[in-house]
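Examining the three-dimensional arrangement
Read off the chains here:
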Protein chains: 2
Amino acid sequence: AVAADAQAGRAKALQCQACHGMDGKSRLPEAPHLAGQVESYLVKALKAYKTGARKDEQMNLMAKPLSEADIANLAAFYSSLKP
Amino acid sequence: AVAADAQAGRAKALQCQACHGMDGKSRLPEAPHLAGQVESYLVKALKAYKTGARKDEQMNLMAKPLSEADIANLAAFYSSLKP
């Protein structure tokens, strides 16, 4: 386990913003809102996208290079935002 | 396509509430909040759970018997709730 760092997650989220926004509000009909989402659910989702257990062309590409720390930080960042 | 009926979705959501709440707020660390989520994303997720394209033991069981109308109604209901 790694200590989550929402500030580091914010920096990493620059690559997520085109679809999910820096505010965690979806920019596309097929992308979910992430603001205020359950942190442990976001970790689970990103891990599943990284391994390919959960399939989505775009998200598999985005999640593949993420480290365990990146995932924890992104989940901490997006879960901390006001929905 | 079917016209979505949030009231019918509310009735159907009785079977979702143990994990997602009637208010769309997660009751479990592994379950996402659904309140105010993007309607088209919820439809996509439920269809993927129904077909098994998206794998989750519990959600595959829950989504399997849902009709296209049930899915549209559930998505209309949960997306209409305040996050």
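That block above? That's the structure.
Residues numbered from 1 in each chain as written. Chains lettered and ligands numbered in written order. Predicted model: local features only at pLDDT ≥ 70, side-chain atom pairs only at ≥ 80, totals over all residues. Heavy atoms only, no water.

Before going further, it helps to examine the interface of chain A and chain B. Frequently, the measure chosen for interface size is the accessible area that the parts lose on association. Between chain A and chain B, the contact holds 15 residues from the first and 15 residues from the second. Roughly 1300 Å² of surface becomes buried between chain A and chain B when both sides are summed, with 48% attributable to carbon and sulfur atoms. It is His33(A), Tyr41(A) and Arg54(A) that lose the most area in chain A upon contact with chain B, and together they represent 30% of the buried surface on that side. Where chain A meets chain B, there are zero salt bridges. Summed over the shared surface of chain A and chain B, the result is eight residue pairs in polar contact (both at pLDDT 80 or more). Along the lines of polarity and charge, the residues of the side of chain A that touches chain B split into six nonpolar, five polar and four charged. (Contact = heavy atoms within 4.5 Å. Buried area = accessible area lost by both parts, 1.4 Å probe. Salt bridge = Lys/Arg side-chain N within 4 Å of Asp/Glu carboxyl O. Polar contact = N/O pair within 3.5 Å; in protein donor to acceptor, adjacent residues only side chain to side chain. Nonpolar A, V, L, I, M, F, W, Y, C, P; charged D, E, K, R; others polar.)

The subject of this paragraph is the relation of the copies chain A and chain B. Of the two same-sequence chains, chain A is brought onto chain B (RMSD 0.0 Å, axial shift 0.0 Å) by a rotation of 180°. When the rotation and shift are considered jointly, the pair of chain copies conforms to a two-fold rotation axis. With an isologous cut-off of 70% or more, the 100% of interface residues of chain A that recur at the interface of chain B puts this contact in the isologous class. (Least-squares fit on C-alpha atoms with pLDDT ≥ 70 in both.)

Turning our attention to the nonpolar core. Ala13(A), Leu46(A), Tyr78(A), Ala13(B), Leu46(B) and Tyr78(B) are the most contacted members of the largest nonpolar core, which has 39 residues in total. At the level of secondary structure, the elements contributing two or more residues to this core comprise α3 (39-51), α4 (57-63) and α5 (68-80) of chain A together with α3 (39-51), α4 (57-63) and α5 (68-80) of chain B. The residues contacting Leu46(A), other than those within four sequence positions of it, are Met59(A), Ala63(A), Leu66(A), Ile71(A) and Leu74(A). (Core = buried A, V, L, I, M, F, W, Y, C linked by side-chain atoms within 4.5 Å. Buried < 20%, exposed > 50% of the residue type's maximum accessible area, 1.4 Å probe, protein only. Helix = DSSP H or I, 4+ residues; strand = E, 2+ residues; numbered from the N terminus.)

Examined against the element boundaries, Gln37(A) turns out to sit in the loop between α2 (17-20) and α3. On the basis of relative accessible area, Gln37(A) is assigned to the buried category, the value being 6%. Residue contacts for Gln37(A): discarding those within four places in its chain leaves Leu42(A), Tyr78(A), Ser79(A), Pro32(B), His33(B) and Gln37(B).

Turning our attention to the environment of Thr51(A). All names here are of chain A. Among the secondary structure elements, threonine 51 is positioned in helix α3. Sequence separation of threonine 51 and aspartate 5 is 46 residues, and the distance between their C-alpha atoms is 22 Å. Separated by 3.3 Å, the side chain of threonine 51 and the backbone oxygen of alanine 48 make a polar contact. In terms of polar contacts, threonine 51 uses its side chain to reach the backbone amide nitrogen of alanine 53, at 3.2 Å.

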